[in-house]
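The primary structure of each chain is shown beneath.
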Amino acid sequence: VDVLLEFADSRPGEEIYFWFDVFCVNQHKAQNHTSAWWRTTFKESLSSIGHVLLVLTPWQNPLALTRAWCLWEIHCASSTSARLSIGLPPIQESDFVHKMTDRLSDPNCSDVVPELEAIDLEQSEASEQADRTAIHEAVQNDGGFDTINNEVKDYVLKRYWRTLAASLVKARKAEEEARKAEEEERKAKEAASQAKSKWSRIARGLAMAIVLAVCCITVVYSPSTMCELAPFGPTTSMYSILGGWFQFVGYDWVVEMYECPLKICTDNNGDSHQVSCASEYNNVLHAREFLAYHQLKNAASSFVSSGATYYNKGNYGRALAHHQRALKIRLTVHGEQHLSTAASYINMGLVYGVQGDYGKALEHYERALKIDLTVHGEKHPSTAD
């Protein structure tokens, strides 16, 4: 069905109809048709339809090339004005392209399309022996087995090359579209980063202006007077507000801004600062933990990206090492029952799979599934994937 839909989609604007031979030829009466009927009525009907779509599946051992009816239809298309197109299921098309290009680039490959060597009308099969006999008689009257076998092989071979060329064009078009999409995504991220940087500079400038204003006020007023200033409230509260702002600008600045009220508090309270400034100490501690958390998250993301790059380049050893480091960080930051940890298990499973270590691949996929079941439950789409 996928092949039929793709065939129709490749001809926009045309009204497409499909005739199935199994429905067009009465299966209960086919055995009564003579060889003359196959050489005239059947051939003329196919010619009037004008186009034969040959679905090759599996492409390395096509069932259609072993059936008497199918081979006779190919002969009819070749000997009339009807066209012949080869259709491949999408899941097999990429394999077809890779195998065929590998064969073409291999100097020791003497037969690029060995699948066609199996074509032999005399050995072909049919569901009804009467059909097979009638088709064999038609072949004998239309040139003989050797002649029609060679004709069908040459005809199908030409369509193989056309199909390969079309598949390569489609693959290159898909690669180009993917490249354009990546470029657009890169530009969008760059624009977003520039916008964030712009607003970060504005926020930092505004924050520094407020800080300078606070510093100017401290020149005039004593710390005890500053703690009673309105409308801002205590100076330490102002710095805490600024610390909250800077979480949108840079986490390292968050730590600096929370350290300011701690310094003011310790300066004002002398030896009793450990008791009096407990809240400020707690803010600084949380800010430093928050900074360390985000630094670790960013490091894990970097290892995941570099691991994916090594995987795409075929350097599976380096890819696995980087995904392992990302997993170690995520276990530290998130723990076992987190979707980011599950993603790392999947990444490692992929690498183990291409390395042929299917036992470890399965083990990591099962760990990821266990996390998905815990987080999402049995009926969630992510669990199904």
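Just above sits the structure.
Please read these numbers as outputs of a predicted model, since none were measured by experiment. (Residues numbered from 1 in each chain as written. Predicted model: local features only at pLDDT ≥ 70, side-chain atom pairs only at ≥ 80, totals over all residues. Heavy atoms only, no water.)

Student: Can you walk me through the packing of aromatic side chains in this structure?
Tutor: Aromatic ring pairs are reported here in terms of the distance separating the ring centres and the angle at which the planes meet. Here the structure, examined in full by the defined rule, presents seven aromatic pairs. Look at tryptophan 37 and tryptophan 38: their rings are 5.1 Å apart centre to centre, the planes differ by 90°, and that puts the pair in the edge-to-face class. We note that tryptophan 37, like tryptophan 38, is buried. Seen from their ring centres, tryptophan 38 and phenylalanine 42 are 5.1 Å apart, and the 55° between their planes marks the pair as tilted. (Phe/Tyr/Trp six-rings, centres within 6.5 Å; stacked < 30°, edge-to-face > 60°. Buried < 20%, exposed > 50% of the residue type's maximum accessible area, 1.4 Å probe, protein only.)

Student: Quick question: what am I supposed to make of unusual backbone geometry here?
Tutor: Going from threonine 57 to proline 58, the amide bond is cis rather than trans, its omega being -10°. The topology assignment puts proline 58 in the loop between strand E1 (51-55) and helix H4 (68-79). (Helix = DSSP H or I, 4+ residues; strand = E, 2+ residues; numbered from the N terminus.)

Student: Just checking my understanding: could you explain the packing of helix H3 (residues 35-49) against helix H6 (residues 129-141) for this structure?
Tutor: Two quantities define a packed helix pair, namely the angle between the helix axes and the distance between the axes. Their axes nearest at 7 Å, the elements H3 and H6 cross at an angle of 70°. As the angle between them shows, H3 and H6 are arranged roughly perpendicular. The segment H3 lies against H6, with Ser35, Trp38 and Arg39 engaging Ala134, Ile135, Glu137, Ala138 and Asn141. Grouping the amino acids of the contact of H3 with H6 by side-chain chemistry returns four nonpolar, two polar and two charged. (Axes fitted to C-alpha atoms, helices over the stretch in contact; angles between N-to-C directions. Parallel < 35°, antiparallel > 145°, perpendicular 65-115°, else oblique. Contact = heavy atoms within 4.5 Å. Nonpolar A, V, L, I, M, F, W, Y, C, P; charged D, E, K, R; others polar.)

Student: Is there a simple way to think about the nonpolar core in this case?
Tutor: Generally speaking, a soluble globular protein has its nonpolar side chains buried in company with each other. Of all hydrophobic cores here, the largest spans 40 residues; its most connected members are Trp38, Trp72, Ile74 and Tyr160. Listed by contribution, the elements that provide at least two residues to this core are H3, E1, H4, strand E2 (83-87), helix H5 (90-105), H6 and helix H7 (145-220). Apart from residues no more than four positions distant in its own chain, tyrosine 160 is found in contact with Leu56, Trp59, Pro62, Ile86, Phe96, Met100, Val113, Glu115 and Leu116. (Core = buried A, V, L, I, M, F, W, Y, C linked by side-chain atoms within 4.5 Å.)

Student: I'm lost on H4 in this one. Help?
Tutor: Each α-helix winds once per 3.6 residues, and so residues spaced three or four apart point in a common direction. Compared with the 16 Å implied by 1.5 Å per residue over 12 residues, the 16 Å span of H4 between its first and last C-alpha is a close match. Among the 12 residues in H4, nine count as buried, and that is most of the element. Listed in full, the buried residues belonging to H4 are Ala68, Trp69, Leu71, Trp72, Glu73, Ile74, His75, Cys76 and Ala77. (Expected span 1.5 Å × (residues − 1).)

Student: Would you explain the side chain of arginine 159 in this entry?
Tutor: Considering the arrangement of structural elements, one finds arginine 159 in helix H7. In this structure arginine 159 is buried but unpaired, with glutamate 151 as the nearest side chain of opposite charge at 10 Å. The residues touching arginine 159, leaving out its near neighbours within four places in the chain, are Leu84 and Ile86. (Lys, Arg positive; Asp, Glu negative; His and termini not counted. Salt bridge = Lys/Arg side-chain N within 4 Å of Asp/Glu carboxyl O.)

Student: In this structure, what is going on with the pairing of E1? I would like to understand it.
Tutor: The side chains of a regular strand alternate between the sheet's two faces. Only one face of E1 is buried, namely the one carrying Val52 and Leu54, since none of His51, Leu53 and Val55 on the opposite face is buried. Here five bridges tie E1 to E2, and the two strands are oriented parallel to one another. From the neighbouring strand, histidine 51 faces E2, where its bridge partner is arginine 83. Running through H4, the crossover from E1 to the neighbouring parallel element E2 is right-handed. (Pairing = 2+ DSSP bridges. Right-handed = clockwise from strand over helix to strand, strands pointing away.)

Student: Help me understand H5 in this model?
Tutor: Over its 16 residues, H5 runs 23 Å from end to end, which matches the ideal 22 Å to within 8%, given 1.5 Å per residue. Taken together, the buried positions of H5 are occupied by Gln92, Glu93, Phe96, Val97, Met100 and Arg103. Buried residues in H5, looked at end-on, bunch into an arc of 145°, giving them a common side. Opposite the packed face of H5, turned more than 90 degrees from it, sit the exposed residues Ile91, His98 and Ser105. (Arc of directions from axis to C-beta.)

Student: Help me understand the pattern of salt bridges in this model?
Tutor: Opposite charge on two side chains permits pairing when their charged atoms draw close. Per the counting criterion, the structure on display carries seven salt bridges. Note that glutamate 125 is salt-bridged to arginine 67, the shortest N-O span being 3.5 Å. Note that glutamate 125 is positioned in the loop between H5 and H6 and arginine 67 in the loop between E1 and H4, a separation of 58 residues in sequence. For glutamate 125, a relative accessible area of 48% gives the class partly exposed. On the accessibility criterion, arginine 67 (24% relative accessible area) is partly exposed. Among the ionic pairs, glutamate 363 bridges to arginine 367, the shortest N-O distance being 2.9 Å. Note that glutamate 363 and arginine 367 are positioned in helix H15 (residues 358-375) at a spacing of four residues, about one turn of the helix.

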